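Given next are the chains, with one letter for each unit.
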Amino acid sequence: GDKKTPVEWQADNIHYLSVEAQKRQYPKLAELLPYHHYCRKNIGYLYAIQQGADCILETDDDNLPLPQFGQNLHPEVQGDLVNGSDWVNVYRYFTDRLIWPRGNPLDTIHDTGHIVGVSRETCPIQQFLADGDPDVDAIYRLLYQDEVYFDHRPPIILEVGSWCAFNSQNTVFWKEAFPALYLPSHVSFRMTDIWRSFVAQIVLWSEQKKLCFSSATVQQIRNQHDLMHDFSDEVTGYLNNRRICEILLNEMQTWKKAMPMAQKVQLAWRALYQHQFIEKRELDILDCWIDMARIPV
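In this report, we go over the structure that sits alongside the text. These numbers come from a predicted model, not from an experiment.

Right, let's talk about the nonpolar core for a bit. Grouped together as the largest cluster of nonpolar side chains are 81 residues, with contacts concentrated most on Leu29, Phe198, Trp269 and Trp289. The biggest single contributor to this core is helix H5 (residues 192-206), with nine residues. Excluding anything up to four places from it in sequence, leucine 29 contacts Ile43, Leu46, Ile285, Cys288, Trp289 and Met292. Counting five residues, the second-largest nonpolar core is a separate cluster that includes Val77, Leu81, Cys123 and Ile157.

Listed below in structure tokens is the structure:
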């Protein structure tokens, strides 16, 4: 919950953490995280981890679950393995339309790599798509206003070294990837989950694990947005996402194989701090979150 949530809100089969419950259960983290902000999801992640979750499937409040939502989930995925490009516009494998994920550099929206074969891979992070009004950037929405429905096809698995931004709209994290769940609080609202996705990918690559994208299991009926405000919030990504990924690649080269994933996550965010993409207070929240989740470092 956040301060705008009705005080008496409740629903069947929901473990709801009100603002007061957050303060009681996680006093330090509840104080560090800003209110009226998407990043308070970090407390939800923390609660699920402490309850012994094996996987966390996150979504947004403007998504309508389809019948296949949350069904047949498994960390081992069989799909089409894609390689041959530094950046991959995964959406093009699910539709013939020109559409691209929010967060991919604009000069890469035509880059798709190529399918090198069918493979069965461990994918600790799995992005499922959204029909209707999928997660795209403000430029796309300013240009096109009709709905999009993706094809149902086998999953696309990205080979190590091929970037594609993923979001927090309909995404599964398996237990081994829980350290990568952390959403930064003091960055552009439209980049918080995108920059998380880059950190998550680099730590997966360091362990030779892969990211996959699967067909839509929700339909988004999007909350109202000011598209020009979204555009303004996305400018830092349009200009810097490629550089951020270069920094993370260089940082990965310094890691030892035996490092715990949580330590790699901390080092990745510290590298972005050293290059002035995030603030020092972000690291304080991250360290608090990892400590409270009792994730080894």
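Attention now goes to empty space enclosed by the protein. Tallied over the full model, the rule gives three cavities of 30 Å³ or more. Roughly 60 Å³ of internal volume is contained in the largest cavity. In terms of lining residues, the largest cavity is bounded by Arg102, Gly103, Asn104, Pro105, Asp137, Met191, Glu234, Gly237, Tyr238 and Asn241. Of the residues that constitute the lining of the largest cavity, the class distribution is three nonpolar, four polar and three charged.

Attention now moves to helix H3 (residues 41-50). Residues three or four positions apart in an α-helix share a direction because the helix packs 3.6 residues into each turn. The buried fraction of H3 is high, at seven of 10 residues. After H3 finishes, the residue glycine 52 shows a positive phi value of roughly 90°.

Running from N to C, helix H7 (residues 261-274) and helix H8 (residues 280-292) cross one another at 175°; their axes reach a closest spacing of 10 Å. Considered as vectors, H7 and H8 are oriented roughly antiparallel to each other. On H8, the residues that touch Ala262, Val265, Gln266, Trp269, Arg270 and Tyr273 of H7 are Lys280, Leu283, Leu286, Asp287 and Ile290. For the contact of H7 with H8, a count of residues per class yields seven nonpolar, one polar and three charged.

Quick notes on the rules
Residues numbered from 1 in each chain as written. Predicted model: local features only at pLDDT ≥ 70, side-chain atom pairs only at ≥ 80, totals over all residues. Heavy atoms only, no water. Core = buried A, V, L, I, M, F, W, Y, C linked by side-chain atoms within 4.5 Å. Buried < 20%, exposed > 50% of the residue type's maximum accessible area, 1.4 Å probe, protein only. Helix = DSSP H or I, 4+ residues; strand = E, 2+ residues; numbered from the N terminus. Contact = heavy atoms within 4.5 Å. 1 Å grid on protein atoms, 1.4 Å probe; cavity = no way out; pocket = protein on both sides within 12 Å on 5 of 7 lines; lining within 4 Å. Points joined across faces, edges and corners; volume = space filled by probe spheres on them. Nonpolar A, V, L, I, M, F, W, Y, C, P; charged D, E, K, R; others polar. Axes fitted to C-alpha atoms, helices over the stretch in contact; angles between N-to-C directions. Parallel < 35°, antiparallel > 145°, perpendicular 65-115°, else oblique.

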